[in-house]
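Understanding the architecture of this molecule
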2 protein chains.
Amino acid sequence: MPTQDNSRFRCAFVLFEGFDAQDVVGPYEILHRLPGAEIALVAGSPGPIRNEHGSLTLAAEHSFASMPTPDLVLVPGGSGELRARDDQALLTWLRAAQSRDAWVVSVCTGALVLGAAGLLRGRSAATHWLALGELAQFGATPSHERYHFDGKLVTCAGVSAGIDMALALAARIASPAVAQAIQLGIEYDPQPPFQTGSPARSPEALVRSVRAHSRFA
Amino acid sequence: MPTQDNSRFRCAFVLFEGFDAQDVVGPYEILHRLPGAEIALVAGSPGPIRNEHGSLTLAAEHSFASMPTPDLVLVPGGSGELRARDDQALLTWLRAAQSRDAWVVSVCTGALVLGAAGLLRGRSAATHWLALGELAQFGATPSHERYHFDGKLVTCAGVSAGIDMALALAARIASPAVAQAIQLGIEYDPQPPFQTGSPARSPEALVRSVRAHSRFA
């Protein structure tokens, strides 16, 4: 039986056709800086995987089978999550992660994939503001927080929220001091030019327009 | 002579071995949502390119030669920028972009590649806080802003600053309304768990420690 190196913190980030690139790369940028962390990009089978927009290709270097027991799994959102919800190999692998008490993490509409795997039943979860209404079908209570820790089940709001969530995760997994050093390293001192990052702080007409152009219209 | 479709806004994002993934994907996530935008990932030759950390591979689908006249070029940072500063094909292509009055954009230490191409002489530029001292050798005045517009030369602070800069760019290239819709779409309502995103707001010991572990020590 192979021995396991406990000084390593093994993360598996899921890719599927139509993933959102920022959902993957935001947390990647932070968690790969954790002491001992190793991040593998995984998919049904190794190879190039296209993002939602179609003009960016990330390489999956592992399959679910070749990465059976990571310490943390992360599921991104993106329009491809709709098909990912039916990917039985992925859902089984996610259920196994939760059973082993691994960290199970989603960004944006990745939460809906966790829901499809049955991992949100009786739990509370965050997701993209446009998708909060989808959570009930999975037996989950919507959280309107930027990120939400429910034990080792960690979900967050849309796309860019993965950065805030990953820093909070880094603080829990390593220490606040490590997370603070990472934040300074990536110079995360956000200065958005506008204040339209959430529906609560945006004009109603803008919210209506963004919703009308979305797949959750 | 081929005609050019003026309704398209053609962006070329540079990849080189050792690029920083967030530097590329943050602005990608925003600019690909601009009306008419097309983003191509370009490198010396097409193929898989590894990031600084080495566990993430993005595919370059174009060479500099196959993408001669984009409307915007973007150069990321990452430790690989040091070698990129000697890549004559890249530097020549960047100089041509500035001569054509294209938008010339960098994230983080990508500014040093622009410097090596001679594009910062007599200009002011932002870069990662650890690298501000490097700008003088290229004849540039350091800007301590989050992002800095000097005509169509646009530079920004470290890594995560690319998000703020890209939203400001979207407002100039399209309109503030378009940028605001994109910001709401990516739910960019940052809530960092700590306040250590800049050296000015961090304890001195943390700044010393992050500097000591950097390649700019």
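All values reported here derive from a predicted model rather than from experimental measurement.

Check the secondary structure of chain A and you find seven helices and 11 strands. What you see for chain A is a C-alpha radius of gyration of 17 Å, in line with the 17 Å of a compact globule of 217 residues. Dimensions of chain A, computed from the C-alpha atoms along their principal axes, are close to 60 × 40 × 40 Å. Per-residue burial for chain A yields a buried fraction of 61% across its 217 residues. Partitioning the contacts of chain A with sequence separation of at least 6, the portion at a separation of at least 24 is 63%. When the accessible surface of chain A is split by element, carbon and sulfur atoms take 52% of a total near 8,100 Å². A distance of 4 Å separates the average location of the 17 positive side-chain charges in chain A from that of its 20 negative side-chain charges.

Locating His148(B) in the fold gives a position in strand E10 (residues 147-150). Overall, the relative accessible area of 13% leaves His148(B) in the buried class.

Overlaying chain A on chain B yields an RMSD of 0.0 Å, the required transformation being a rotation through 180° with an accompanying axial translation of 0.0 Å. As the rotation angle and translation indicate, the two copies are arranged about a two-fold axis. For chain A, the smallest separation between a C-alpha atom and the rotation axis is recorded for Leu58(A), amounting to 2.4 Å. By residue overlap, the copies meet face to face through one surface: 100% of the interface positions of chain A are interface positions in chain B.

Next up on the list: the nonpolar core. As a rule of thumb, nonpolar side chains are buried together in soluble globular proteins. Residues Phe13(A), Leu72(A), Leu94(A), Phe13(B), Leu72(B) and Leu94(B) are the most contacted members of the largest nonpolar core, which totals 167 residues. In contact with Leu72(B), other than residues within four places in its own chain, are Phe9(B), Arg10(B), Cys11(B), Ala12(B), Phe13(B), Leu31(B), Trp103(B), Val105(B), Leu169(B) and Ile173(B).

This brings us to the interface of chain A and chain B. Listed as interface residues are 60 residues of chain A and, on the opposing side, 60 residues of chain B. Ranking the residues of chain A by area buried against chain B places Leu184(A), Glu187(A) and Phe194(A) at the top, with a combined share of 15%. Between Arg33(B) and Asp20(A) there is a salt bridge whose closest N-O contact spans 4.0 Å. Linking chain A with chain B are 44 residue pairs in polar contact (both at pLDDT 80 or more). Secondary-structure elements contributing two or more residues to the side of chain A that touches chain B are helix H1 (21-31), strand E2 (37-43), strand E4 (57-60), helix H5 (161-173), helix H6 (176-185) and helix H7 (204-212) of chain A. With seven residues, H6(A) is the largest single contributor of residues to the side of chain A that touches chain B. Residues belonging to the side of chain A that touches chain B are distributed by class as follows: 30 nonpolar, 20 polar and 10 charged.

For the rest of this paragraph, the subject is the sheet that holds strand E11 (residues 153-156) of chain B. All names here are of chain B. Pairing is mixed in the open sheet, where seven strands are placed in the order E5-E2-E1-E6-E7-E11-E10. The two strands at the open ends of the sheet, each matched to only one other strand, are strand E5 (62-63) and E10. When E10 meets E11, the two strands line up antiparallel, connected through four bridges. By the bridge assignment for E11, His 148 is matched with Thr 155. Running at roughly 140° to strand E6 (residues 72-75), helix H3 (residues 88-99) makes contact with strand E1 (9-14), strand E2 (37-43), E6, strand E7 (103-106) and E11 of the sheet.

Looking now at the packing of aromatic side chains. Residues and elements named next belong to chain A. Considering all chains together, one arrives at six aromatic pairs over all chains under this definition. With a centroid separation of 6.4 Å and an interplanar angle of 90°, the aromatic rings of Trp 103 and Phe 149 are classed as edge-to-face. Taken as a pair, Trp 103 in strand E7 (residues 103-106) and Phe 149 in strand E10 (residues 147-150) lie far apart in primary sequence, 46 residues in all. Residue class for Trp 103 comes out buried when judged on its relative accessible area of 12%. Take Phe 149: its relative accessible area is 15%, and that puts it in the buried class. On the basis of an interplanar angle of 80° and a centroid distance of 6.1 Å, the ring pair of Tyr 147 and Phe 149 is categorised as edge-to-face. Under the relative-accessibility criterion, Tyr 147 is labelled partly exposed at 21%. Site record: aromatic cluster; members linked through ring pairs are Trp 103, Tyr 147 and Phe 149.

What follows is about the packing of H5(A) against H6(A). Residues and elements named next belong to chain A. Between H5 and H6, whose axes approach to 6 Å, the crossing angle comes to 145°. Contacts between H5 and H6 involve Leu 167, Ala 170 and Ala 171 from the former and Pro 176, Ala 179, Ile 182 and Gln 183 from the latter. Here the residues of the contact of H5 with H6 sort into six nonpolar, one polar and no charged.

Turning our attention to the confidence of the model for chain A. Of the residues in chain A, 97% reach a pLDDT of 70 or more, and the chain-wide mean stands at 96. Prediction confidence for the complex, expressed as pTM and ipTM, is 0.96 and 0.96 respectively.

Next up on the list: the environment of Lys152(A). Positionally, Lys152(A) belongs in the loop between E10 and strand E11 (153-156). Along the backbone, Lys152(A) and Ala40(A) are 112 residues apart, and their C-alpha atoms lie at a distance of 19 Å.

Scanning the entire structure with this criterion turns up 22 salt bridges over all chains. Of the charged contacts, one joins Arg33(A) and Glu29(A) as a salt bridge, the two residues approaching to 2.9 Å between their closest N and O atoms. Accessibility expressed as a relative area gives 29% for Arg33(A), which makes it partly exposed. Among the residues examined, Glu29(A) registers a relative accessible area of 2% and is labelled buried. Among the charged side chains, a network of salt bridges with common partners joins Asp20(A), Glu29(B) and Arg33(B).

Criteria and thresholds
- Residues numbered from 1 in each chain as written.
- Chains lettered and ligands numbered in written order.
- Predicted model: local features only at pLDDT ≥ 70, side-chain atom pairs only at ≥ 80, totals over all residues.
- Heavy atoms only, no water.
- Helix = DSSP H or I, 4+ residues; strand = E, 2+ residues; numbered from the N terminus.
- Rg over C-alpha atoms; globule rule 2.2 N^0.38 Å.
- Buried < 20%, exposed > 50% of the residue type's maximum accessible area, 1.4 Å probe, protein only.
- Contact = heavy atoms within 4.5 Å.
- Areas by Shrake-Rupley, 256 points an atom, 1.4 Å probe, with all protein chains shown as cover.
- Lys, Arg positive; Asp, Glu negative; His and termini not counted.
- Charge placed at Lys NZ, Arg CZ, Asp CG, Glu CD.
- Least-squares fit on C-alpha atoms with pLDDT ≥ 70 in both.
- Core = buried A, V, L, I, M, F, W, Y, C linked by side-chain atoms within 4.5 Å.
- Buried area = accessible area lost by both parts, 1.4 Å probe.
- Salt bridge = Lys/Arg side-chain N within 4 Å of Asp/Glu carboxyl O.
- Polar contact = N/O pair within 3.5 Å; in protein donor to acceptor, adjacent residues only side chain to side chain.
- Nonpolar A, V, L, I, M, F, W, Y, C, P; charged D, E, K, R; others polar.
- Pairing = 2+ DSSP bridges.
- Axes fitted to C-alpha atoms, helices over the stretch in contact; angles between N-to-C directions.
- Phe/Tyr/Trp six-rings, centres within 6.5 Å; stacked < 30°, edge-to-face > 60°.
- pLDDT = per-residue confidence, 0-100.

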